[in-house]
Amino acid sequence: MAETFLAMPQQLEAKLGEWTARAGDRLRVDYVTSYSGHRVYALTLTDPAVPRERKRAHYFAQPHAHEPGATVGMMDVIEQLITGHDLAGAPSPLDAARVLAQSVLTFNPIGNPQGRERAPVLYWDGSRYSNDEFWCWMRGEDPDRPGQMWKRLDLWDDRVERAPARIGIIYEQIDPHRYVEPNRSHLSSYFRLFHRMDSEIGYDRWLDLHQTEFVNSPHNCMVLLALPGLAEGEIAREDRAWAEQITVAWQQAGFRPAPPQPLSYTGEQAEYFRRNWGALHQRMPILTSEIKNNAPDAPPDFQRQAQVIAIQQSIWRLLAMA
Ligand SMILES: [Zn+2]
């Protein structure tokens, strides 16, 4: 499984040489360098012979270091588009020549390589860590509540906060003292990379790939819509139709999706989203996929396949609109 579950920064970089040799000018590699010195990559696939005006552009990203299934899903689809088969060697259902002639697809497979590299496992399958232990890896262990994860902050400073002894892997260090949760601050490499790519390419939509634990839920995947009020009109209608398409595809693949629903955050967490995502939701359709993490009934191949389906459906939907 380790050979096909490509989720660590060094696995991505090892693959890049092979991909660039094979894809030629169909693959463009951009990156920003994080404070930690890691490269955060945007891998863009398109047919350069077709002008941008005749294509639609889709951004795919994942911000959370503890959600490697989102990375492997993107790695798998990139492999499909470049080689015609997936990481396990099965033929791809994507018609790569047609896809790349009609679209510009940019993938940020590892939004926080510093955090990812600090993970104690390649993937989380529930065999080594309970959810409480997993969550302490994610946010750090609360210094005041042993065994419990620390509070959730968009940006924090270790001169102000009494931080956990081991910093949670969800955070990206952005200077000697400050840390951010990547999708909750535009100071993150994840957002810096998006803005840099977007200023040139101008994306038409965004799928953000995530994982969550589905504790006490009969479901193992779902699409999240914007917080109520953030997306409106035609964009909100398209968000919902696109979400339904992914959900049906998961059902047909034998997974157990929950119906699409808006992000349910309130208070401070909702405010982080309004501040960082509000303008983006006004501009283009954006969805979040959530695939079950850290559980014996969500093995690594399920995590990969469920994210692959969400990405493939998004690509087909993009083509159908072109
Ligand atoms: Zn997440």
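As a reminder, the structure under discussion sits directly above these lines.
Residues numbered from 1 in each chain as written. Predicted model: local features only at pLDDT ≥ 70, side-chain atom pairs only at ≥ 80, totals over all residues. Heavy atoms only, no water.

A short note on the coordination of the zinc ion
Listed as protein donors to the zinc ion are His64 (ND1), Glu67 (OE), Glu67 (OE) and His210 (ND1); their distances from the metal cover 2.1 to 2.4 Å. Given 4 donor atoms and angles of 58 to 150 degrees at the metal, the environment of the zinc ion is assigned as irregular. Donor residues for the zinc ion sit on one chain with the sequence pattern H-x2-E-x142-H. Overall, the relative accessible area of 3% leaves Glu67 in the buried class. (Donors = N, O, S within 2.8 Å, 3.2 Å for Na, K, Ca; no water. Tetrahedral: all angles 85-135°; square planar, octahedral: opposite > 155°, others 65-115°. Buried < 20%, exposed > 50% of the residue type's maximum accessible area, 1.4 Å probe, protein only.)

Notes on the layout of surface pockets
Rolling a probe over the atoms, with the probe sized like a water molecule, indicates the empty space that remains. Of the volumes computed, that of the largest pocket is approximately 630 Å³. Every residue lining the largest pocket is counted, 32 residues in all, and those nearest its centre are Thr212, Leu224, Leu263, Tyr265 and Glu290. Among the secondary structure elements, those contributing two or more residues to the lining of the largest pocket are helix H5 (131-139), strand S8 (205-212), strand S9 (221-225), helix H8 (267-283) and strand S11 (286-292). Its residues assigned to classes, the lining of the largest pocket shows 15 nonpolar, 10 polar and 7 charged. (1 Å grid on protein atoms, 1.4 Å probe; cavity = no way out; pocket = protein on both sides within 12 Å on 5 of 7 lines; lining within 4 Å. Points joined across faces, edges and corners; volume = space filled by probe spheres on them. Helix = DSSP H or I, 4+ residues; strand = E, 2+ residues; numbered from the N terminus. Nonpolar A, V, L, I, M, F, W, Y, C, P; charged D, E, K, R; others polar.)

Considerations on helix H1 (residues 9-23)
The end-to-end C-alpha separation of H1 is 20 Å, in line with the 21 Å expected for 15 residues at 1.5 Å each. In the structure, H1 departs most strongly from a straight axis at Leu16, where the bend amounts to approximately 30 degrees. Those residues of H1 not exposed but buried are Pro9, Gln11, Leu12, Lys15, Leu16, Trp19 and Ala23. Packed against the buried residues of H1 are strand S1 (27-33), strand S2 (39-45), helix H2 (68-83) and helix H4 (113-117). A positive phi of about 60 degrees marks Gly24, the residue just after H1. (Expected span 1.5 Å × (residues − 1). Bend = angle between axes of the 7 residues up to and from the residue. Contact = heavy atoms within 4.5 Å.)

Section: the nonpolar core
Within the largest apolar cluster, 62 residues are counted, with the highest numbers of intra-cluster contacts made by Leu81, Phe107, Trp250 and Ile315. Each residue touching Ile315, except ones within four places of it in the same chain, is listed here: Phe60, Val77, Leu81, Leu94, Val99 and Leu105. Core analysis: the next-biggest nonpolar cluster, separate from the first, contains 31 residues, Val104, Leu224, Ala270 and Ile286 among them. (Core = buried A, V, L, I, M, F, W, Y, C linked by side-chain atoms within 4.5 Å.)

Let's talk about the sheet that holds strand S10 (residues 261-262)
An order of S1-S2-S4-S3-S8-S11-S9-S10 is seen for the 8 strands of this open sheet, with the pairing classed as mixed. Of all the strands in the sheet, the pair left with one neighbour each is S1 and S10. Sheet topology note: the S1/S2 ladder contains 7 bridges and is antiparallel. Residue Leu27 lies in a different strand from S2, and its bridge partner there is Leu45. (Pairing = 2+ DSSP bridges.)

Looking at the pattern of salt bridges
Taken as a whole, this structure holds 26 salt bridges when the rule is applied. With its nearest N and O atoms 3.0 Å apart, the salt bridge here joins Lys15 to Glu18. Residue Lys15 and its partner Glu18 are located together in helix H1, separated by 3 residues, close to a single helical turn. Classification of Glu18 as partly exposed rests on a relative accessible area of 41%. Across the pair Asp175 and Arg178 runs a salt bridge whose closest N-O atoms are separated by 2.7 Å. Classification of Asp175 as buried rests on a relative accessible area of 18%. The network of salt bridges with common partners includes Arg28, Asp30, Arg196 and Glu200. (Salt bridge = Lys/Arg side-chain N within 4 Å of Asp/Glu carboxyl O.)

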